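Residue strings, one per chain:
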Amino acid sequence: MRVLVTGAAGSLGRVITVGLADRGHDVVGLDLVPAPEGSTFAWHEADCADADAVAAVFAALSTGGRLDAVVHLAGVPEEVSLPGELTSHVITTAALLDAMVAHRVPRLVYASSNHAVGRTPRAAGELTEHALPRPDTYYGVAKVAAEALMQLFADRHGLDAVACRIGSFMEEPTTVRALSTWLSYEDGVRMVEAALTTPAPAFAVLYGISANTRGWWDLEPGRRLGYEPLDDAEEFADRIEDRPEDAVEAEFVGGPFATAEFHRPALGD
């Protein structure tokens, strides 16, 4: 598949682009910054919040053959102001979806987040794809809205759109919470490739975690799409020490995000 990856220079993007290329996909990177040193991918520099810039990238790509899908990883990965979050996650997603419709690109795979349901109490039991939106921050609100846009374009335009509610994507887990929420680098690539290649998913949600012994998110939605995680955070459990904040982080799905202060602009901002 020929795949455009936004946020390709980020921590997630660097892993996913290489992983997809290793699996035979033709990867094109898109980011605000130049390609990382040593990158072998075709590359475009543009702000995904700028619809005209996004349209120009798609127009340029259309001269080189069919684009099969977009993997949207771009966005601020932390809590900022509400306008900032909406621009970073919703406006960018809308710009990409509009360009996809205009150029007949049939599939979007989106890096959503567990923070879309982050204020759900852990006591509620295993979290399924049917959980109602319950964001824990403005960041989570923006992820909910981006998922809603994907649903809209799937319904209105027949696009396939998979929202991957990613947990803790890192080389190895470093906290007790991450023993439940960890997504390994290798499973992250498996997840994205499954979302890219599963037949006709329409709009679908999966939880982006590894096969963690302590996991409390339902893996079945991902398995229905062909995502079969192989790694388990438990192999790192003996390296992780208990911390005073572990109890608070275990209270809600979103962990520390669920109890953090919102970003409120200072007077005059």
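Residues numbered from 1 in each chain as written. Predicted model: local features only at pLDDT ≥ 70, side-chain atom pairs only at ≥ 80, totals over all residues. Heavy atoms only, no water.

Q: For this particular structure, what's the right way to read the packing of aromatic side chains?
A: Pairs of aromatic rings are described using the distance from one ring centre to the other and the angle between the two planes. In total, this model carries five aromatic pairs according to the counting rule given. Relative to phenylalanine 257, the ring of tyrosine 139 has its centre 5.8 Å away and its plane inclined at 65°; by these criteria the two rings are edge-to-face. Taken together, the positions of tyrosine 139 in helix α4 (residues 138–157) and phenylalanine 257 in the segment after α8 (246–249) put the pair 118 residues apart, joining distant regions of the chain. Note on phenylalanine 169 and tyrosine 185: the rings are 4.9 Å apart at their centroids and 35° apart in plane angle, and the pair reads as tilted. In this pair, phenylalanine 169 is assigned in strand β7 (residues 168–169) and tyrosine 185 in helix α6 (residues 185–197), connecting sequence segments 16 residues apart. (Phe/Tyr/Trp six-rings, centres within 6.5 Å; stacked < 30°, edge-to-face > 60°. Helix = DSSP H or I, 4+ residues; strand = E, 2+ residues; numbered from the N terminus.)

Q: Explain the sheet that holds strand β4 (residues 69–72) here, please?
A: The strands making up a sheet associate through backbone hydrogen bonding, with each pair oriented either parallel or antiparallel. Here seven strands make up an open sheet; going across it, the order is β3-β2-β1-β4-β5-β6-β9 and the pairing parallel. What marks the edges here is a single partner per strand, and that holds for β3 (42–45) and β9 (203–208). In this sheet, adjacent strand axes meet at a mean angle of 20° when their direction is disregarded. This element, helix α3 (residues 82–102), spans β1 (2–6), β4 and β5 (107–113) of the sheet and lies at about 170° to β5. Lying on the sheet, α6 is in contact with β1, β4, β5, β6 (160–166) and β9; it crosses β5 at an angle near 145°. (Pairing = 2+ DSSP bridges. Axes fitted to C-alpha atoms, helices over the stretch in contact; angles between N-to-C directions. Contact = heavy atoms within 4.5 Å.)

Q: Which parts of the structure should I look at to understand helix α2 (residues 51–62)?
A: Side chains three or four residues apart in an α-helix point the same way, a direct result of the helix having 3.6 residues per turn. Taking 1.5 Å per residue as the helical rise, α2 with its 12 residues ought to reach 16 Å, and the 16 Å between its terminal C-alpha atoms agrees with that figure. Buried residues along α2 sit against β1, β2 (26–31), β3, β4 and α3. (Expected span 1.5 Å × (residues − 1).)

Q: Sorry, what's going on with the packing of α2 against α3 here?
A: Axis angle and axis distance: for two packed helices, these are the angle between their axes and the distance between the axes, and together they describe the pair. Viewed as axis vectors pointing N to C, α2 and α3 meet at an angle of 35°, and their least axial separation amounts to 9 Å. The handedness of the crossing between α2 and α3 is right-handed. Only Ala95, Leu96, Ala99 and Met100 of α3 make contact with α2, whose side of the interface consists of Ala51, Val54 and Phe58. Of the residues assigned to the contact of α2 with α3, the class counts are seven nonpolar, no polar and no charged. (Left-handed = near helix turned anticlockwise from the far one by under 90°. Nonpolar A, V, L, I, M, F, W, Y, C, P; charged D, E, K, R; others polar.)

Q: Before we go on, may I ask you to explain the pairing of β9 in this structure?
A: Side-chain direction in a regular strand flips from residue to residue, so the side chains alternate between the two faces of the sheet. Across the six residues that make up β9, a large majority, five, are buried. As judged from the six bridges shared by β6 and β9, these two strands associate in the parallel manner. Bridge pairing links arginine 165 to tyrosine 207 in β9. (Buried < 20%, exposed > 50% of the residue type's maximum accessible area, 1.4 Å probe, protein only.)

Q: Explain the packing of α3 against α4 here, please?
A: Remark: α3 packs on α4, axes separated minimally by 8 Å, with the N-to-C direction vectors making an angle of 15°. It follows that α3 is roughly parallel to α4 by the angle criterion. Considering how the two elements wind past one another, α3 and α4 form a crossing that is right-handed. Contact residues: Leu82, Glu85, Leu86, His89, Val90, Thr93, Ala94, Leu97, Asp98 and Val101 in α3; Tyr138, Tyr139, Ala142, Lys143, Ala145, Ala146, Leu149, Met150, Phe153 and His157 in α4. Split into classes, the residues belonging to the contact of α3 with α4 amount to 14 nonpolar, three polar and three charged. (Parallel < 35°, antiparallel > 145°, perpendicular 65-115°, else oblique.)

Q: Any chance you could explain the pattern of salt bridges here in plain terms?
A: A side chain of one charge can pair with a side chain of the opposite charge when the charged atoms of the two come close. On inspection of all chains with the given rule, the structure shows 14 salt bridges. Across the salt bridge formed by aspartate 160 and arginine 107, the nearest N and O atoms sit 3.5 Å from each other. Separated by 53 residues along the polypeptide, aspartate 160 in strand β6 and arginine 107 in strand β5 bring together distant segments of the chain. Overall, aspartate 160 belongs to the buried group, its relative accessible area being 15%. Arginine 107 sits in the buried class, given a relative accessible area of 9%. Across the salt bridge formed by aspartate 187 and arginine 190, the nearest N and O atoms sit 2.5 Å from each other. Separated by three residues within a single helix, aspartate 187 and arginine 190 lie in helix α6, roughly one turn from each other. (Salt bridge = Lys/Arg side-chain N within 4 Å of Asp/Glu carboxyl O.)

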